[in-house]
Amino acid sequence: MILSSVILIIATLAIDQITKLLVIKYIDLYEVINVIRFGSHKIFSLTHVRNKGAAWSAFSSKTTILTIVTFILVIGLLVLLYVKPIQKKLLGRRINVMETVSFSLIISGGVGNIIDRIRLKEVVDFIQTDFIDFPIYNFADICVVIGCFLFIIDIVVSDAVEARNKRLDTENNDG
C-alpha cells in the first residue's frame, strides 16, 4: 500500500507541476483561451492567473502562513499514512485503501501548491469553469478537493457499515 500511495503522490504531483510549467510558458498572464463553448456560452477556458492566497483568494498575501500551515498538514498526513502505531492510536485501526488514496491526493495537492508558493511566492491557477461563478483553480486544487471528498465518503460508508454490523450483532445475540 505504501508503494501505491507514493506512486499516486508522485504521478499527481508531476501532472500538477507539468501543467503549471506549460501554462507559465505558453499562456500569458491573464490571457484567456476558450476551450469549450456551447453556442455563445463559454463553458470551460484556460486563464492564467496568480493567487497569493488560498481558495477565493482567502488569506491573500499570507504566503508564508499558508505555506507553513500546508506543510504541517502534509507532514501530519504523511505520518498518519505511514506510521502504523500512530494509525492505531489515533484512529483505533489501520488506514484503509480509500483513506490511502484520499490522503495521497491531499498530500500531492498540498505539496504542488507549496512548491509554487516557495518558488514563485504565489500559486499558478489556470482552470476556469465559465458556466458557474467559481474561482480559477489548478490541478493541485482538484487533487485536494477529490481527496477530501473521498475521505468524507469513506467516513460515511465506514460509519454506516459499522452501524449495520452492530445492529446485526445485537440481532444475532438477541435471537
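Before reading on, note that the structure itself is shown above.
What to know about the pattern of salt bridges
- With the rule as written, the count across this model stands at five salt bridges.
- Close ionic contact of Arg50 with Glu122 constitutes a salt bridge, the shortest N to O distance being 3.2 Å. You can see Arg50 sitting in strand E2 (residues 41-51) and its partner Glu122 sitting in the loop between helix H4 (97-120) and strand E3 (123-129), a full 72 residues away along the chain.
- Measuring nitrogen to oxygen at the nearest pair gives 3.6 Å for the salt bridge that ties Lys52 to Glu122. Of the two residues, Lys52 is situated in the loop between E2 and helix H2 (63-82) and Glu122 in the loop between H4 and E3; the sequence distance between them amounts to 70 residues.
- Residues participating in the shared-partner salt-bridge network are Asp16, Lys20 and Asp116.

Quick notes on the side chain of Thr67
- Topologically, Thr67 is positioned in helix H2.
- The exposure class of Thr67 is buried, given its relative accessible area of 13%.
- If sequence neighbours within four positions are ignored, Thr67 has contacts with Ile114, Arg117 and Ile118.

What about the state of the cysteines?
- In the structure shown here, the tally under the stated rule is zero disulfides.
- You can see Cys143 has no disulfide; the closest cysteine sulfur is in Cys148, sitting 11 Å from it.

Section: the nonpolar core
- Counting residues in hydrophobic clusters, the biggest one holds nine residues: Ile9, Val74, Leu77, Leu80, Leu81, Ile95, Phe103, Ile106 and Ile107.
- Elements represented by at least two residues in this core include exactly H2 and H4.
- Among the elements that make up this core, the one with the highest residue count is H2 (four residues).
- The contacts of Leu77, once residues within four sequence positions are left out, are Phe103, Ile106 and Ile107.
- With six residues, the next largest nonpolar core counts Val23, Ile27, Ile127 and Tyr137 among its residues.

A look at the pairing of E2
- The pairing of strand E1 (residues 32-38) with E2 spans six bridges and is antiparallel. Paired with Ile33 across the bridge in E2 is Leu46.
- Two successive antiparallel strands, E1 and E2, enclose a turn made up of two residues, where Gly39 displays a positive phi of approximately 65 degrees.

Description of empty space enclosed by the protein
- Going through the model one piece at a time under the given rule, you end up with one cavity of 30 Å³ or more.
- Considered as a void within the structure, the largest cavity measures approximately 60 Å³ in volume.
- Lining the largest cavity are Met1, Ile2, Ser5, Leu81, Tyr82, Lys84, Gln87, Arg94, Ile95 and Thr100.
- Mapped by element, the contributors of at least two residues to the lining of the largest cavity are helix H1 (2-26), H2 and helix H3 (84-91).
- Across the lining of the largest cavity, the residue classes break down as five nonpolar, three polar and two charged.

Cut-offs applied
- Residue numbers here run from 1 along each chain, matching the order of that chain's written sequence.
- Given that this is a predicted model, residues contribute local features only at a pLDDT of at least 70 and side-chain atom pairs are listed and counted only at 80 or more, while totals for whole chains, interfaces and linings are drawn from all residues.
- With hydrogens and water excluded, all non-hydrogen atoms of the structure serve as input to the side-chain values.
- The term salt bridge refers to a pairing of a side-chain nitrogen on Lys or Arg with a carboxyl oxygen on Asp or Glu at a separation within 4 Å.
- Elements are defined by DSSP. Helices are runs of H or I of four residues or more, strands are runs of E of two residues or more, and each kind is numbered from the N terminus.
- Buried residues are those whose accessible area, probed at 1.4 Å on protein chains only, stays under 20% of the maximum for their type, while exposed residues exceed 50% and partly exposed ones sit between those limits.
- Note on contacts: a residue pair qualifies if any of its non-hydrogen atoms lie within 4.5 Å across the two residues.
- Here, a disulfide means two cysteine sulfur atoms that sit within 2.5 Å of each other.
- Here, the term nonpolar core denotes a set of buried Ala, Val, Leu, Ile, Met, Phe, Trp, Tyr and Cys residues that are joined through side-chain atoms within 4.5 Å.
- Note on pairing: two strands pair once DSSP finds at least 2 bridges between them.
- Detection works on a 1 Å grid of protein atoms alone, calling trapped sets that fit a 1.4 Å probe cavities and calling open sets with protein on both sides within 12 Å along at least five of seven lines pockets, with lining residues defined by an atom within 4 Å of a point.
- Grid points are joined across faces, edges and corners, and a volume is the space filled by probe spheres set on the points.
- Side-chain classes are defined by residue name, with Ala, Val, Leu, Ile, Met, Phe, Trp, Tyr, Cys and Pro counting as nonpolar, Asp, Glu, Lys and Arg as charged, and the others, Gly among them, as polar.

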